[in-house]
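Notes for the structure review
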Amino acid sequence: MTTADTTAGQVAGKLLKPRLSRLARREELVGYLMAAPWLLGILWLYFSPFGTALYLSLTDYDILTAPKWIGFENFNTMLTDDPLFWKSLSVTTIYSVASIPLQIVLGLFLAILLNTRIRGLAWFRTLYYLPAVLSGVAVSFLWIWVFSADWGVLNFLLSLVNIEGPNWLTSEDWALTALIVMSLWGVGGGLVIYLAGLQGVPTELYEAADIDGAGRFRSFYNITLPMVSPVILFQLIMGIIRALQVFTEGYVMTQGGPNNATLFYILHLYRNAFRFLHMGYASALAWALFLYILLLTLVVLRSSSVWVFYSGEIKGRAR
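As a starting point, this report considers the structure included with it. Nothing here was measured: the structure is a model prediction, and the numbers come from that model.

So, about the overall build of the protein. Scanning the protein from N- to C-terminus turns up 13 helices and four strands. Relative to a compact globule of 319 residues, whose C-alpha radius of gyration would be 20 Å, the protein shows 27 Å and is clearly more extended. A principal-axis box enclosing the C-alpha atoms of the protein has dimensions of 100 × 70 × 35 Å. Out of the 319 residues belonging to the protein, those deemed buried represent 33%. Look at the contacts in the protein between residues 6 or more apart in sequence, and 65% of them connect residues 24 or more apart. Accessible surface, the protein: about 20500 Å² in total, of which carbon and sulfur atoms supply 67%. Distance between charge centroids for the protein: 15 Å, based on 20 positive and 18 negative side chains.

Printed below as a string of structure tokens:
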């Protein structure tokens, strides 16, 4: 290539650059215009309620009268003058700490069992997933029948082995345990996600492990768990969000009793908002829960660099 050709190319590039820049800006503008309805919907449907709730949390508001500005008084009352705030937060945290690991372990175990070639596999997957799509109220009434002290299925099964079952839903010691057991009912929802993760594990890794003489436990610990750890991270975060917002079971089955043993946080919030009409205080409770969930989510994400493995990384660093 001669010097003249090079110079001509540079001149052509300088002439085309403004035209390409204008074209890029035009395409960018068209993209924003196409996305504008969605962006406006996000601003209106999500951030508008956030802002309204934040404003109401700083007011005394009972729906019937105009909001009265009181600053951080609702938050001060929450932390220092409302024992049910700490009780409901404790009950919800205990429920979450107990139910989330059980759901993760059982969901992964069932997914491993169903990740094989057996007859009727599609029917088994459907059967396990079906409870996850049923109505929460209908499921609650079903489990009231299961946990009934007089004619419940669970106590009948225990009586077959000479064990006298407790009054599950009316016992302060057993009511929360019953709801934790009930939470396993929807484990099929996560099972489908685990199956997708398991089917994404390269079979070559298991073949290499067999050649090296690794057993099933070593293959599971060194191959399966690391490869599905991103799925476990996702399920853990979603489990935290769901468990800390549990409401239907406590409202329908126990009404928060006995003696507030199943007073979930959202149930306490609901009572303040719609029974006592303390909308300002309920908004403060909602923001406190949001910050609690956000904090736990950030802690989990921060810790993920230690135990979550991505196939494109080596010891947490991209290749």
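Okay, back to it.
Attention shifts here to the nonpolar core. In terms of nonpolar packing, the biggest core is built from 63 residues, with Met78, Tyr95, Phe147, Phe264 and Tyr265 touching the most fellow members. Of all the elements in the fold, those that place two or more residues in this core are α2 (73–80), α3 (83–114), α5 (136–147), α7 (175–182), α8 (188–199), α10 (216–243), α12 (265–275) and α13 (279–307). Leaving out residues up to four positions away in the same chain, Tyr265 has contacts with Phe85, Ser88, Leu89, Thr92, Leu285, Ala288 and Leu289.

In the segment running from Gly257 into Pro258, the intervening peptide bond is cis, with an omega of -5 degrees. With respect to the element layout, Pro258 can be found in the loop between α11 (248–254) and α12. For Asn259, which is not glycine, the phi torsion reads 55 degrees and is therefore positive. If you trace the backbone, Asn259 turns up in the loop between α11 and α12. The exposure class of Asn259 is exposed, given its relative accessible area of 56%. In this structure, Leu277 takes a positive phi of about 60 degrees despite not being glycine. As for its position among the elements, Leu277 is in the loop between α12 and α13. A relative accessible area of 29% means that Leu277 is categorised as partly exposed.

The end-to-end C-alpha separation of α3 is 46 Å, in line with the 46 Å expected for 32 residues at 1.5 Å each. The N-capping residue of α3, defined by a side-chain oxygen 3.2 Å from the backbone nitrogen of Leu84, is Asp82.

Centre-to-centre distance and the angle between the planes together describe a pair of aromatic rings. Enumeration according to the criterion identifies 17 aromatic pairs in this entry. Arranged with centres 5.9 Å apart and planes meeting at 70 degrees, the rings of Phe85 and Tyr265 form a pair that is edge-to-face. On the criterion of sequence distance, the pair formed by Phe85 in helix α3 and Tyr265 in helix α12 is long-range, its members being 180 residues apart. Residue classification places Phe85 among the buried positions, given a relative accessible area of 5%. The class of Tyr265 is buried, set by a relative accessible area of 2%. Each ring, one from Tyr95 and one from Phe264, has its centre 5.1 Å from the other, and the planes form 70 degrees; the classification is edge-to-face. With a gap of 169 residues between them, Tyr95 in helix α3 and Phe264 in the loop between α11 and α12 connect regions that are remote in the sequence. Assessed through its relative accessible area of 5%, Tyr95 is described here as buried. Every member of this aromatic cluster is reached through a ring pair, and the members are Trp143, Phe147, Trp168, Trp174 and Trp185.

Let us look at the side chain of Arg271. Considering the arrangement of structural elements, one finds Arg271 in helix α12. Beyond its immediate stretch of four places on either side in the chain, Arg271 contacts Gln255, Gly256, Asn260, Leu263 and Phe276.

What counts and how
Residues numbered from 1 in each chain as written. Predicted model: local features only at pLDDT ≥ 70, side-chain atom pairs only at ≥ 80, totals over all residues. Heavy atoms only, no water. Helix = DSSP H or I, 4+ residues; strand = E, 2+ residues; numbered from the N terminus. Rg over C-alpha atoms; globule rule 2.2 N^0.38 Å. Buried < 20%, exposed > 50% of the residue type's maximum accessible area, 1.4 Å probe, protein only. Contact = heavy atoms within 4.5 Å. Areas by Shrake-Rupley, 256 points an atom, 1.4 Å probe, with all protein chains shown as cover. Lys, Arg positive; Asp, Glu negative; His and termini not counted. Charge placed at Lys NZ, Arg CZ, Asp CG, Glu CD. Core = buried A, V, L, I, M, F, W, Y, C linked by side-chain atoms within 4.5 Å. Expected span 1.5 Å × (residues − 1). Polar contact = N/O pair within 3.5 Å; in protein donor to acceptor, adjacent residues only side chain to side chain. Phe/Tyr/Trp six-rings, centres within 6.5 Å; stacked < 30°, edge-to-face > 60°.

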